[in-house]
Amino acid sequence: MIALRAITRSRLVWISLLIVAIAATLPLYVSAYILGLLTLAYYFGVFAMAWDLLFGFAGEVNFGPTFLIGLGAYTAGILNSRYGLSIPVCVVAGAAAAVAGGVLLALPALRLRGPYFGLITLVAVLLLQNMIVIFASVTGGEIGMTVTDVLSIDETENYEYALLFMALSGAILFGLSRSPIGLILQASGQDPIEAAALGFNVAKHKLAAFCVSALFSGLAGALLIFYLGTASVGTVVDISVGVQVIIAAVLGGRRTILGGAIGAVFLIVAGEVLRPLGELSTFVVSAVALAVILFFPAGLLGMLMRGREMR
Amino acid sequence: MLGLQILIDGFAISALYALGATGFTLIFGVSGVLNLSHGAIMVAAAVAAWALAGNPLFGTYLGALLGVGVGVVVAFATYFIVVRPIQRSRAIAEVEKEIFILTGTLLWGIMIQEAIAYLYTSNPKTVRPLVDGVIGIAGVRTPINELVTAAICWSVIGLLWLLVNRTRAGKVLLAASINPRGVTLLGFELSSVYLLVWAIYGVLAGIAGVLLAMFLGVSSDGIGPLTASAFSIVVLGGLGSVSGSLAAAYVVGYIETITAYMISPAYRTIPVLLLLVLVVYLRPQGLLGRR
């Protein structure tokens, strides 16, 4: 109840709702091209928010967000293209597969700290990537595969789906992070021994964080391929995709959840604006992200909030 | 015949891995920094050597030497632009510095990668070997350069051992890796120790990069996998343990070579990844780790 009241009183929540409401009217006056760009950014926003729950709150350095995303995307894709199951069934199955992957990742995380766990997540992505290439007859290998169904062929509809999905995911993840569970996660991320001494079950909470993060990563991954119509290593599994997710979350502000969405939109729009620079665009985006980390370690949202409203 | 081939190729590859991973583990051991721009520094040195060696003014030898110099410069840039500001920042909580250094060096590595791709394209580049020619070892045709590579790697590692164990500066370095506060209390400036270790790191990464470019060739797209393999070797051997890294480099080098020859080059990295997962689960401190 206290958490609920804190949320309704938080100015951040009202501002976010306002922004989502404005964003929902965008199809009335912007081109389909911009809508497509933002649709992609919204799915990325969910990736980044789900990652922030693990990294910002549970304190787990997960270099492999794409392990969870890729599991969800490929499970859904294979079920759809080979067995012809309907989109909702595929998305649910994809999310379930990602949660299973999350549990698999959580097991070492409960035993290992910092860099060791980071490496395991990296290895998980590399193994998944290798498996996809080896079982190319099922997965399409390096070329990728085409799914039979798509969410919609209308840009506006796709856009609204993505916005709705991001807003709902953001609301759930944000609510969770501001709830007592979020506090316990934060405590166990910073000092697991002390958190356990206070009587909290650290293992249970971390496991829950992994499952929730995996659930949203998997959902977003599965929905993304039904938006794009294809699944490929380059779009949902490759380490460079994971790096983008990490940059988005850190840029937007760690431990803010909503910052992830801001970071993702910024990253994708900036990448597009800088496209005339050609190969240098990634350089500039990385340089900006590095500058933010060095000079404003709290991230874009953290910078705006600074102190007030955060509690 | 095949066995001997694997033995020779594996030895050279492993020596190169060992040299590449040594710098990475040294930095971690002394200053607690996991430098995710490692691969980028190696490739920067290699591409510089490639560009300079192509210029008749410099030639192969001077080009290679200057390439190593570029490695040192980039290593220092990494330290001064990314690592030190984070270490000294007041806005970042002490417990979070590790995470910030990981993210910061990752971004820095991407910047170097993109800069190389922009200036010199991402095509693979091969530097002319220091020594041409092929010799037969019990019937296996082996490029002499492969042997020279292994010899240089081991000489450099040997020199590093002498530096650390037999010189005053090296002993301070060793002491700083064991207990930084103790070293400070004895009147040594920790920041100059860090400068020394980054200089050594730059030389090691530079030499490894240039040799790699002569042996297998490098490309800016290979930066990620290079960092990942150094990271895996170092964790496999035990973070911060140089002898562990050397042993792990041989384990990884030989497993990869055997897989490539006996099964298929496409599966080259998989057994190592599985081994890594197994070791991290069962023995998180690595083969020869301290903790």
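See above for the structure.
If you're wondering where the values come from, they're calculated on a predicted model, not measured in any experiment.

*Asks:* Would you mind going over empty space enclosed by the protein with me for this structure?
*Replies:* It is a probe the size of a water molecule, rolled over the atoms, that shows where empty space is left. Residue and element names in this part refer to chain B. Per the stated rule, a full pass over the model turns up two cavities of 30 Å³ or more. By volume, the largest cavity is sized at about 90 Å³. Lining the largest cavity, in full, are Leu-16, Tyr-17, Gly-20, Ala-21, His-38, Met-42, Leu-212, Leu-226, Ser-229, Ala-230 and Ile-233. Where the lining of the largest cavity is concerned, the elements lending two or more residues are α1 (2–31), α2 (38–53) and α9 (223–237). Among the residues making up the lining of the largest cavity, the classes are represented as eight nonpolar, three polar and no charged. For the second largest cavity, the calculated volume is near 30 Å³.

*Asks:* Just to check I follow, could you spell out the environment of Trp154(B) for this structure?
*Replies:* Residues and elements named next belong to chain B. As for its placement among the helices and strands, Trp-154 is situated in helix α5 (residues 144–166). Between the alpha carbons of Trp-154 and Thr-121 there is a distance of 32 Å; along the sequence they are 33 residues apart. Not counting residues within four places of it along the chain, the set of residues in contact with Trp-154 comprises Phe-11, Ala-15, Leu-246 and Tyr-250. A distance of 2.8 Å separates polar atoms of two side chains, one belonging to Trp-154 and the other to Tyr-250.

*Asks:* How should I be thinking about a nonpolar patch on the surface in this particular structure?
*Replies:* Residues and elements named next belong to chain B. A surface patch of nonpolar side chains, amounting to about 570 Å² of accessible area, comprises Leu-2, Ile-258, Tyr-261, Met-262, Ile-263 and Tyr-267. No other element matches helix α10 (residues 242–263), which puts four residues into the nonpolar patch. Mapped onto the elements of the fold, Tyr-267 is located in the loop between α10 and α11 (270–282). Overall, the relative accessible area of 32% leaves Tyr-267 in the partly exposed class.

*Asks:* What am I meant to see in unusual backbone geometry here?
*Replies:* Outside of glycine, negative phi angles account for most residues, and trans bonds account for most peptide bonds. Unusually for a residue other than glycine, Arg255(A) sits at a positive phi of about 65°. When you line up the elements, Arg255(A) lands in the loop between α13 (239–252) and α14 (258–273).

*Asks:* It is not clear to me how helix α5 (residues 87–111) of chain A should be interpreted in this structure. Could you clarify?
*Replies:* Side chains of residues three or four places apart in an α-helix project in the same direction, reflecting 3.6 residues per turn. The end-to-end C-alpha distance of α5(A), which contains 25 residues, comes to 37 Å, matching closely the 36 Å that a straight helix rising 1.5 Å per residue would cover. For α5(A), every residue scored as buried is listed here: Ile87(A), Cys90(A), Val91(A), Gly94(A), Ala95(A), Ala98(A), Gly101(A), Gly102(A), Leu105(A), Ala106(A), Pro108(A) and Ala109(A).

*Asks:* So what exactly am I meant to see when it comes to the interface of chain A and chain B here?
*Replies:* By a widely used convention, the size of an interface equals the accessible area lost when the partners come together. On the chain B side, the residues contacting the 35 residues of chain A number 41 residues. Carbon and sulfur atoms make up 80% of the surface buried where chain A meets chain B, a total of about 3600 Å² over both sides. The largest per-residue losses of area from chain A upon contact with chain B belong to Pro115(A), Tyr116(A) and Leu119(A), which jointly make up 18% of the total buried on that side. The tally of links from chain A across to chain B stands at zero salt bridges. Linking chain A with chain B are zero residue pairs in polar contact (both at pLDDT 80 or more), by the criterion used here. If you list the elements that add at least two residues to the side of chain A that touches chain B, you get α5, α6 (114–134), α13 and α15 (280–295) of chain A. Of the residues forming the side of chain A that touches chain B, the biggest block, 11 residues, is contributed by α6(A). Looking at the side of chain A that touches chain B, its residues break down into 27 nonpolar, four polar and four charged.

What counts and how
- Residues numbered from 1 in each chain as written.
- Chains lettered and ligands numbered in written order.
- Predicted model: local features only at pLDDT ≥ 70, side-chain atom pairs only at ≥ 80, totals over all residues.
- Heavy atoms only, no water.
- 1 Å grid on protein atoms, 1.4 Å probe; cavity = no way out; pocket = protein on both sides within 12 Å on 5 of 7 lines; lining within 4 Å.
- Points joined across faces, edges and corners; volume = space filled by probe spheres on them.
- Helix = DSSP H or I, 4+ residues; strand = E, 2+ residues; numbered from the N terminus.
- Nonpolar A, V, L, I, M, F, W, Y, C, P; charged D, E, K, R; others polar.
- Contact = heavy atoms within 4.5 Å.
- Polar contact = N/O pair within 3.5 Å; in protein donor to acceptor, adjacent residues only side chain to side chain.
- Patch = residues over 30% accessible without salt bridge, like charges linked within 9 Å, V, L, I, M, F, W, Y side chains within 5 Å.
- Areas by Shrake-Rupley, 256 points an atom, 1.4 Å probe, with all protein chains shown as cover.
- Salt bridge = Lys/Arg side-chain N within 4 Å of Asp/Glu carboxyl O.
- Buried < 20%, exposed > 50% of the residue type's maximum accessible area, 1.4 Å probe, protein only.
- Expected span 1.5 Å × (residues − 1).
- Buried area = accessible area lost by both parts, 1.4 Å probe.

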